[in-house]
Amino acid sequence: MSGFVLSNYRRLVIKVGSSLLIGDDGHVHRGWLEGLAEDIAILHGGGHDVLIVSSGAIAIGSTVLQINKSRARLEDLQAAAAAGQVQLVHAYQEALGVNGIAAAQVLLTPEDTENRRRFLNARGTLLKLLEHSVVPIINENDTVATEEIRYGDNDRLAARVAQLVMADALVLLSDVAGMYTADPGSDATAEHIPEVRKISEAILGMAGETRSDIGSGGMATKVQAARIATHAGCSTVVTSGAIDRPLQTLAAGGRCTVFRAEGTPAAARKQWLAGFLEVRGELRLDDGAVSALNDGKSLLPVGVVEVVGNFRRGDVVTLVGSSGNELGRGLAEYSDDEAVRLIGCRSEQIEERLGYRGRSVMVHRDELVLFDNDC
Ligand code: GLU
């Protein structure tokens, strides 16, 4: 038995590599995907949020466009991704649909997770999909990403997604059941590593030696992904996807390597926010807003009495109480001039005040830290 209990984790990001999903003939392994969809349906039924990060667009598209991947140029691969992505997501839509689950396609570039303004947009959309019980099928937006501005591998993309949505577990389905001290294919003394509590140089070194997926991510990229995710409070598991019903097998105690999270996603997010040195503005709040924040709620425009400074959506602002006391800080959902127009505004008046449909909160509760309570 592994020490990993899948059912203990509420929000799961599952990463599926091309080699598991796509056969040598360039087509989707339908039977395998149907099994995965049944596993997802079980998790969904148990109240878990599930997000999928899936590769395979380029592999499928290369077949559609009859491109020889070894001689292809970047624009050939981008065209292949465009042709393949539509089939990839359709396959998920069908497989999940059989289980009564709706799928949604989300294509991301690094800007969407690294730039705070875009980060708020991507996070807002993904959380809304989860609220509607839809399973997002996420991939890199390969048709516009160029070599310099790519995640490059979906292990890292999946870790960034986990961080973005504050997932508490990231499952990397691989073609091996986790990490070994050496390559189990060529070294009979190789031992399985069930748990990693700290990603040390020794672990990074071992990962460099261990064979994994024939896709772009080897074990080294999985450990890098685990490093990003565990820092964000998200435990990461590498397990075999090269079997039918891989998530059920994992849930039943199947072999895997668990990289234990450091703290919780919420604590990691608060720490990240508290670390920002560059504060661009200030929101002064009424007492009602202060007590709502203390109850763990988001800051609504109606509770803002004054706006100070020049800031854009995604910038860090200080939250100040009625006696001028600094309560905490958070990421502004609006720019300063929008915020001024929204002072004291009830949610249903936002559109009238702005002239367009805005977002309902000024600072989302996941994106704020209160100094006394949280630090
Ligand atoms: N985004 C690529 C695709 O869909 C795969 C990247 C990877 O294999 O990690 O083909």
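Residues numbered from 1 in each chain as written. Predicted model: local features only at pLDDT ≥ 70, side-chain atom pairs only at ≥ 80, totals over all residues. Heavy atoms only, no water.

1. With respect to the side chain of glutamate 140
Within the secondary structure, glutamate 140 sits in strand 4 (residues 135-140). A polar atom in the side chain of glutamate 140 sits 2.8 Å from the backbone nitrogen of tyrosine 151. Excluding anything up to four places from it in sequence, glutamate 140 contacts Leu107, Leu108, Pro110, Ala145, Ile149, Arg150, Tyr151, Gly152, Asn154 and Leu157. (Helix = DSSP H or I, 4+ residues; strand = E, 2+ residues; numbered from the N terminus. Polar contact = N/O pair within 3.5 Å; in protein donor to acceptor, adjacent residues only side chain to side chain. Contact = heavy atoms within 4.5 Å.)

2. Thoughts on the packing of helix 3 (residues 57-64) against helix 4 (residues 74-98)
At a minimum axis distance of 6 Å, the contact between helix 3 and helix 4 shows a crossing angle of 105°. With respect to helix 4, the element helix 3 is oriented roughly perpendicular. Here helix 3 contributes Ala57, Ile58, Ile60, Gly61, Ser62 and Val64 to the contact with helix 4, which in turn contributes Leu77, Ala80, Ala81, Ala83, Gly84, Gln85, Gln87 and Leu88. The residue inventory of the contact of helix 3 with helix 4, partitioned by class, reads 9 nonpolar, 5 polar and no charged. (Axes fitted to C-alpha atoms, helices over the stretch in contact; angles between N-to-C directions. Parallel < 35°, antiparallel > 145°, perpendicular 65-115°, else oblique. Nonpolar A, V, L, I, M, F, W, Y, C, P; charged D, E, K, R; others polar.)

3. Re the packing of helix 2 (residues 30-45) against helix 4
Helix 4 packs onto helix 2 with a crossing angle of 55° between their chain directions and a minimal axis gap of 8 Å. One finds that helix 2 runs oblique with respect to helix 4. In this structure, helix 2 crosses over helix 4, and the sense of that crossing is right-handed. From helix 2, Arg30, Leu33, Glu34, Leu36, Ala37 and Ile40 reach across to helix 4, where they touch Ala91, Tyr92, Glu94, Ala95 and Leu96. (Left-handed = near helix turned anticlockwise from the far one by under 90°.)

4. Concerning the nonpolar core
Within the largest apolar cluster, 48 residues are counted, with the highest numbers of intra-cluster contacts made by Val13, Ile138 and Phe259. For this core, the secondary-structure elements that each account for two or more residues are strand 2 (49-54), strand 3 (103-108), helix 6 (116-131), helix 7 (154-165), strand 5 (169-174), helix 8 (201-209) and helix 9 (219-231). Not counting residues up to four positions away in its chain, the partners in contact with valine 13 are Leu51, Val53, Ala158, Val161, Ala162, Val165, Ala167, Ala169, Leu170 and Val171. Grouped together as the second largest cluster of nonpolar side chains are 39 residues, Leu12, Ala91, Leu173 and Leu250 included. (Core = buried A, V, L, I, M, F, W, Y, C linked by side-chain atoms within 4.5 Å. Buried < 20%, exposed > 50% of the residue type's maximum accessible area, 1.4 Å probe, protein only.)

5. Side note on the sheet that holds strand 15 (residues 368-370)
Within the open sheet, the 5 strands sit side by side as 12-11-13-14-15. Their pairing is mixed. Among the strands making up the open sheet, the edge pair consists of strand 12 (304-309) and strand 15. Ignoring which end each strand starts from, the neighbouring axes of this sheet average 25° apart. Against the sheet, helix 12 (residues 287-294) touches strand 11 (279-285), strand 13 (316-320), strand 14 (326-331) and strand 15, its axis set at about 110° to strand 11. (Pairing = 2+ DSSP bridges.)

6. A closer look at the pairing of strand 11
Regular strands show a simple pattern: their side chains alternate between the two faces of the sheet. Here strand 11 runs beside strand 13; their pairing, made up of 5 bridges, is parallel. Each residue of the ladder has a partner; that of arginine 284, found in strand 13, is valine 320. With 5 bridges connecting them, strand 11 and strand 12 associate as antiparallel partners. Note that in strand 12 the partner of leucine 283 across the bridge is valine 307.

7. A look at the pattern of salt bridges
The tally for this structure, following the rule as stated, stands at 25 salt bridges. Residue glutamate 367 is joined to arginine 123 by a salt bridge in which the shortest nitrogen-to-oxygen separation is 2.4 Å. Placement of glutamate 367 in the loop between helix 14 (350-354) and strand 15 and of arginine 123 in helix 6 is noted, with a sequence separation of 244 residues between them. With relative accessibility at 3%, the residue arginine 123 sits in the buried group. As a salt-bridge pair, glutamate 195 and arginine 260 come within 2.5 Å of each other at their nearest N and O atoms. On the criterion of sequence distance, the pair formed by glutamate 195 in strand 8 (residues 195-196) and arginine 260 in the loop between strand 10 (256-259) and helix 11 (265-274) is long-range, its members being 65 residues apart. Salt bridges sharing common partners tie together Arg123, Arg269, Arg313, Glu333 and Glu367. (Salt bridge = Lys/Arg side-chain N within 4 Å of Asp/Glu carboxyl O.)

8. Side note on the packing of aromatic side chains
Applying the stated criterion across every chain, the model contains 3 aromatic pairs. Residues phenylalanine 4 and tyrosine 9 carry aromatic rings whose centres are separated by 4.9 Å and whose planes lie at 20° to one another, so their mutual orientation is stacked. Summarising the burial analysis for this pair, phenylalanine 4 and tyrosine 9 share the class buried. Here tryptophan 272 and phenylalanine 276 contribute two aromatic rings whose centre-to-centre distance is 4.9 Å and whose plane-to-plane angle is 75°, an arrangement assigned as edge-to-face. Of the residues examined, tryptophan 272 reaches a relative accessible area of 32% and is grouped as partly exposed. Residue classification places phenylalanine 276 among the buried residues on the basis of a relative accessible area of 18%. (Phe/Tyr/Trp six-rings, centres within 6.5 Å; stacked < 30°, edge-to-face > 60°.)

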